[in-house]
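# Examination of the molecular architecture
Chain residues, written in single-letter form:
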Amino acid sequence: MKPNSGTLVINIMNGGKAEAYEGVYQCTARNERGAAISNNIVIRPSRSPLWTKEKLEPNHVREGDSLVLHCRPPVGLPPPIIFWMDNAFQRLPQSERVSQGLNGDLYFSNVQPEDTREDYICYARFNHTQTIQQKQPISVKVFSMDSLNDTIAANLSDTDIYGAKPVTERQPVLLTPTGSTSTKVELRGNVLLLECIAAGLPTPVIRWIKEGGELPANRTFFENFKKTLKITDVSEADSGNYKCIARNTLGSAHHVISVTVKAAPYWITAPRNLVLSPGEHGNLICRANGNPKPDISWLANGVPIAIAPEDPSRKVDGDTIIFSHVQERSSAVYQCNASNEYGYLLANAFVNVLAEPPRILTPANKLYQVIADSPALLDCAYFGSPKPEIEWFKGVKGSILRGNEYVFHENGTLEIPVAQKDSTGTYTCVARNELGKTQNEVQLEVKDPTMIIKQPEYKVIQRYGQVSFECIIKHDSTLSPTVIWLKDNDELPDDERFLVGKDNLTIMNVTDKDDGTYTCIVNTTLDSVSASAVLTVVAAPPTPAIIYARPNPPFDLELTGQLERSIELSWIPGDENNSPITSFVIEYEDGLHEPGVWHYQTEVPGTQTTVQLKLSPYVNYSFRVIAVNEIGRSQPSEPSEQYLTKSASPDENPSNVQGIGSEPDNLVITWESLKGFQSNGPGLQYKVSWRQKDVDDEWTSVIVANVSKYIVSGTPTFVPYEIKVQALNDLGYAPEPSVVIGHSGEDLPMVAPGNVQVFVINSTLAKVHWDPVPLKTVRGHLQGYKVYYWKVQSLSRRSRRHVEKKILTFRGNKTLGMLPGLEPYSSYKLNVRVVNGKGEGPASPDKLFRTPEGVPGSPSFLKITNPTLDSLTLEWGSPTHPNGVLTSYILKFQPINNTHELGPLVEIRIPANESSLILKNLNYSTRYKFYFNAQTSVGSGNQITEEAVTIMDEAMASRQVDIATQGWFIGLMCAVALLILILLIVCFIRRNKGGKYPVKEKEDAHADPEIQPMKEDDGTFGEYSDAEDHKPLKKGSRTPSDRTVKKEDSDDSLVDYGEGVNGQFNEDGSFIGQYSGKKEKEPAEGNESSEAPSPVNAMNSFV
């Protein structure tokens, strides 16, 4: 055991065996107040035993039969992890047909010829000991029907009847679990794993359901191709019957697993420490639950309470210990143990009986400082048993504090919600219980608040001016304030133009970037205040404009210091035109090779007027200079005098040398020729050299004219060559060139990829794998592999169609690829070809594979015919893409009421061979909505919807008479129409009674644009107001005597009040509006009428 610690260290690194320390350990901590104990700690050594030796017979299986390869790993601690591999330590591929069970066995729903192999090996990995144990390899031999028939034929005479039966499809049979039912017990909080593996041909598909309930939505997972149902964090609610259903095209099999969820004990209320004073009462409660219900037992100081020393103050009542009139000797540590057959819980609770006089933990004479009108909290942390009572006094001889102006907290703190200056003083806290009394004094100081008496103000300043913001403060004399200035809620820019004084902020030489909000913040140790102001920067008064332009070109170019490979150029700058020259660009012309073409030579700073230039041999140079400023580039200067350099041998060799064959028996060598001035002299030629790489051959060379290509013939196919190209002229050779590697021409690959395998991932995706071809057979640069695949037949429709081959290219030396976008339940063929730069090699043998079923497409149509009072006839077409064998159709329907609310949903399952259905017992005159979809064994496809209505009851229809055909209604409508017509005629006559004063004439009679309202006693109707007189138009504007209304004569138009902005209708249909000025309308809108209002027009307007 470690010193001064409760940690026990077991070290077997220096000898000893782990088995010697196997057992159950428990820690006990004890002092004069009692003893506490820990949970049991179980130590067991890990074990990784060897496999028992056994003689394994080869498995001879007929094609299509099921097979189970047993692993039976040795029992280890902890249990090993099982996996199956082959001799090459590659995991065996698993699928819906071949998979590993939870017990480690390898299950084959049906065997295929490709399952034949002699290296099925089961491995057990023991993680704790980091060891792996291997079972002896298991051999499997699958006999196909063709081979069986050949064997039988060879051993029988011609007269014998022979011939094995072909591979027959079989309906599912469960391999595990066996029987029709089984049971499973799992503990609460664990992971529930249920497994069903079935045999059958075609390979069955597994589906899981819970009888009488739903699988938990967020805790259910399917593993091992849905053969394993996994439910995490199980609870008692997950108990019940779980059914697995294995189904293929021939039928189904099922198994029911009855799951019972038990529970180890878990806490409802764990006991808590209890602190009591002598004579007080208390309870220790220990409540736990589990399945089965746990037993509760108590211990005192680690001893069962039944044999522990008696204590008259305690009484055990099941899961509760009741304490009454405790004494100091009642202090002890109690343990509660809740246990059932699946586990136990143990908790310690300390019962401490204390008799302590009061103690105040807050330091004496502690100083509290607050700002006036803010809360003050004075602490009085205390301890004592029994719990002391707290009282507060102000001053040495003051009275006890009471009233609404104080708040007394449970922890002893005194709160003064609104402290004033007269609250300053000494406060005394007194704590007392039956064992004594103690007190403590604290000091409270109330300070004056900090205020900004002169705040910064809004300022507008011209650019490049100076501005100052004031911030004058008043504060308590005992506090030391600090002033901080912010710009836009961030620190001031680090700029010497910003000057922070005691009471102000000054900004010198203001720029546009200084625009923003400036804030003055005053902080003390007790409070903080702030004030802000906005600074707006405006443009300074206009100054005479300065004209900026490109510089003038340099002049007086002079060449000095002429050497073979260098020369000095000088010039005089032109006028910079108010923008400093930043640089000079020097260009040259080669009058010998490219006359009239100027090339960039170099660039120098704008302060430099002389430059040393490097020259090449055999070039007739001229130079010119261009000046550059922020505005742009000047015109080029006049050219300098010409300078012809002497010839020399080439300084460099051609670049971008390559060797690529265009035919299987040649090598094409190419390069980029030297430019004219790079030749360094007359008579430029190239020496081309080559030899086969990795072969002890001499260089073969040829000298060619100034070209850029040379072809070497009669080369082997795709062989690497070393190549070099050297320049030369009349004065000599260039330096030795570097060697590059090229290849002679490619030819088509010779062999096809082998061992092509296809692994179907799901109904639309497959993985294809192949062995790479030997590189020497590629005969070129390996570019990748191409997979050709095409659909042979749809297994659901049994119909063939035009074969459309698809191609997928996989770059590089890949050996696998994915085939997406396959059609479910179909037969496919594929082959693989290697590709080089020349083309494709031969194809591998066609590989046939099938995709499993998928969910079907939607039915091709749904028609609803022959409606009657209580029935409808439904007809439908099968899905265009069934994607498998249809198992059934699902029809759902529900009524729709007059408010478009949906009624209860009814579901009907219809056999797959049906194409129509008569629905009976429906409600008459009711609209129904139908949802229809098809199903395969995989699941449901997309649904289509239709709506239909049953016909109305004829008796009821006869009682619903159209009111528009009733005579009394027709007469009433005629009377109403006649009355409206008479009223409109009367209104029309009164409207035109004084028609001698049109609005146009009134406007012409007044020079003032504001027309005064007419009085009603002058024989006219209505009022007229301009756009500024928003009075309502009472009866309408006048109509001219010529019975015309022109657009510019009147604004009293309903159209002018469009969109309801300035007018509205009363409840009786009359119009209320305001003149809002003339509006321009398009003539096509029909707002201009040449007719006076008539009863008919008035009726139309009214309507």
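Because the structure is predicted, anything quoted here is derived from the model rather than measured.

A contiguous nonpolar surface patch, about 520 Å² in accessible area, is contributed by L978, L981, I982, I985, V986 and I989. By secondary structure assignment, the location of I985 is in helix 3 (residues 967-991).

Right, let's get into the sheet that holds strand 51 (residues 566-572). The three strands lie next to each other as 50-51-54, forming an open sheet whose pairing is antiparallel. At either margin of the open sheet sits one strand with a lone partner, and together these are strand 50 (555-560) and strand 54 (610-614). On average, each strand axis in the sheet is tilted by 25° relative to the strand beside it, whichever way the strands run. Of the strand pairs in this sheet, strand 50 and strand 51 are connected by four bridges, and their pairing is antiparallel. Within strand 51, the position partnered with E558 by the bridge is S570.

Moving on to the pattern of salt bridges. Two side chains of opposite charge can pair, provided their charged atoms sit close to one another. Summed over all chains, the structure comprises 32 salt bridges. The salt bridge partner of R927 is E947, with a shortest N-O separation of 3.3 Å. Of this pair, R927 sits in strand 77 (residues 927-935) while E947 sits in strand 78 (residues 944-949), placing them 20 residues apart in sequence. For E947, a relative accessible area of 39% puts it in the partly exposed group.

Sheet architecture is open: five strands sit in the order 41-49-48-44-45, paired in mixed fashion. Edge positions in the sheet fall to strand 41 (459-462) and strand 45 (490-491), since each of these pairs with one other strand and no more. Pairing geometry for strand 44 (residues 482-487) and strand 48 (residues 516-523), over six bridges, is antiparallel. Residue pairing across strands places V483 opposite V522, the latter belonging to strand 48.

Moving on: the packing of aromatic side chains. Scanning the model with the defined rule gives 19 aromatic pairs in all. The interplanar angle of 25° and the centroid separation of 5.5 Å between the aromatic rings of F469 and Y518 together place this pair among those described as stacked. Remark: Y518 occurs in strand 48 and F469 occurs in strand 42 (residues 467-470); sequence separation between them is 49 residues. Accessibility assignment for this pair places F469 and Y518 in one class, buried. Through pairs of rings, three or more aromatic residues link up here, namely F83, F89 and Y123. Here K459 stacks its cationic end above the ring of F469, 5.3 Å away from the centre of that ring.

We now examine unusual backbone geometry. Negative phi values dominate among residues other than glycine, just as trans dominates among peptide bonds. P177 follows T176 through a cis peptide bond whose omega is -5°. Residue position: P177 is located in the loop between strand 13 (170-176) and strand 14 (181-187). Residues N291 and P292 are joined by a peptide bond in cis, for which omega reads 5°. Along the chain, the position of P292 falls in the loop between strand 24 (287-291) and strand 25 (295-300). For N365, which is not glycine, the phi dihedral falls at a positive 60°. Here N365 falls in the partly exposed class, since its relative accessible area comes to 48%. Backbone geometry places N883, a non-glycine residue, at a positive phi of 55°. Tracing the chain through its elements places N883 in the loop between strand 73 (872-879) and strand 74 (888-896).

Criteria and thresholds
Residues numbered from 1 in each chain as written. Predicted model: local features only at pLDDT ≥ 70, side-chain atom pairs only at ≥ 80, totals over all residues. Heavy atoms only, no water. Patch = residues over 30% accessible without salt bridge, like charges linked within 9 Å, V, L, I, M, F, W, Y side chains within 5 Å. Areas by Shrake-Rupley, 256 points an atom, 1.4 Å probe, with all protein chains shown as cover. Salt bridge = Lys/Arg side-chain N within 4 Å of Asp/Glu carboxyl O. Helix = DSSP H or I, 4+ residues; strand = E, 2+ residues; numbered from the N terminus. Pairing = 2+ DSSP bridges. Axes fitted to C-alpha atoms, helices over the stretch in contact; angles between N-to-C directions. Buried < 20%, exposed > 50% of the residue type's maximum accessible area, 1.4 Å probe, protein only. Phe/Tyr/Trp six-rings, centres within 6.5 Å; stacked < 30°, edge-to-face > 60°. Lys NZ or Arg CZ within 6 Å of the ring centre and 35° of its normal.

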